[in-house]
Amino acid sequence: MVALLLPILLGVAGIAIDMGNMYMTHTRLQAAVDAGALAGSLELPYDPDLSKGIVTQAINDMVAANMESAEVTSVAAGTEIRSVEVTAQAEVNLLLMGILGLSDQTVEAHAAAGFNKLEVVFA
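Because the structure is a prediction, the values reported are computed rather than measured.

Trainee: Where do I start with helix H2 (residues 54-66) in this structure?
Mentor: Because each turn of an α-helix spans 3.6 residues, side chains separated by three or four positions end up pointing in the same direction. In this model, H2 (13 residues) spans 19 Å end to end at C-alpha, consistent with the 18 Å of a helix rising 1.5 Å per residue. Structurally, H2 contributes buried residues whose contacts are with helix H1 (2-42), strand E1 (71-77) and strand E2 (83-92).

As structure tokens, this is what we get:
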């Protein structure tokens, strides 16, 4: 009976462990992309049309500092004035689902940030 139920048990355990791993990787990736978009937006006054590479370098540095395995796939000017949109991805190695024939998965995160000279002071 145990031999017959072993693939089902592996599948259920694989879903629990590997989906949790994918969720945690996506959460870390989203935080890294958010930080990268904010770092890039702070450089927009010096590179407003993204032609000098200053914004892209700031984004790549910040994403790498927060998640080394992440790969920035897209850096583009945002739809708003002085804004930047960032997309990155990271590969998730599946532990138990790989035994059942599923290959490693890729998660993707997207963030946008802008620069505004508005200063707000709460008193």
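Trainee: Quick question: what am I supposed to make of the nonpolar core here?
Mentor: Proteins that are soluble and globular tend to have nonpolar side chains buried together. Core analysis: the biggest nonpolar cluster contains 22 residues, and Leu29, Val33, Val55, Ile59, Met67, Val86 and Val107 have the highest contact counts within it. At the level of elements, H1, H2, E2 and strand E3 (105-114) are the ones that each hand at least two residues to this core. Ignoring any residue separated from it by four or fewer positions in sequence, one finds Val55 in contact with Gly40, Glu43, Leu44, Asp47, Leu50 and Val84.

Trainee: Just checking my understanding: could you explain the sheet that holds E2 for this structure?
Mentor: One key point about sheets: their strands pair by backbone hydrogen bonds, in either a parallel or an antiparallel sense. Pairing in this open sheet of three strands is antiparallel, and the strands run E1-E2-E3 from one edge to the other. Strand pairing shows two members of the sheet lacking a second neighbour, E1 and E3, which therefore form its edges. Across the sheet, the mean angle separating the axes of adjacent strands is 15 degrees when strand polarity is ignored. Alignment of E2 against E3, held across 10 bridges, turns out to be antiparallel. Looking at E3, one finds that Ala90 is bridged to Val107. Against the sheet, H2 contacts E1 and E2, and its axis sits at roughly 145 degrees relative to E1.

Conventions adopted
- Residues numbered from 1 in each chain as written.
- Predicted model: local features only at pLDDT ≥ 70, side-chain atom pairs only at ≥ 80, totals over all residues.
- Heavy atoms only, no water.
- Helix = DSSP H or I, 4+ residues; strand = E, 2+ residues; numbered from the N terminus.
- Expected span 1.5 Å × (residues − 1).
- Contact = heavy atoms within 4.5 Å.
- Core = buried A, V, L, I, M, F, W, Y, C linked by side-chain atoms within 4.5 Å.
- Buried < 20%, exposed > 50% of the residue type's maximum accessible area, 1.4 Å probe, protein only.
- Pairing = 2+ DSSP bridges.
- Axes fitted to C-alpha atoms, helices over the stretch in contact; angles between N-to-C directions.

On their own, these measurements won't tell you what the molecule is for.
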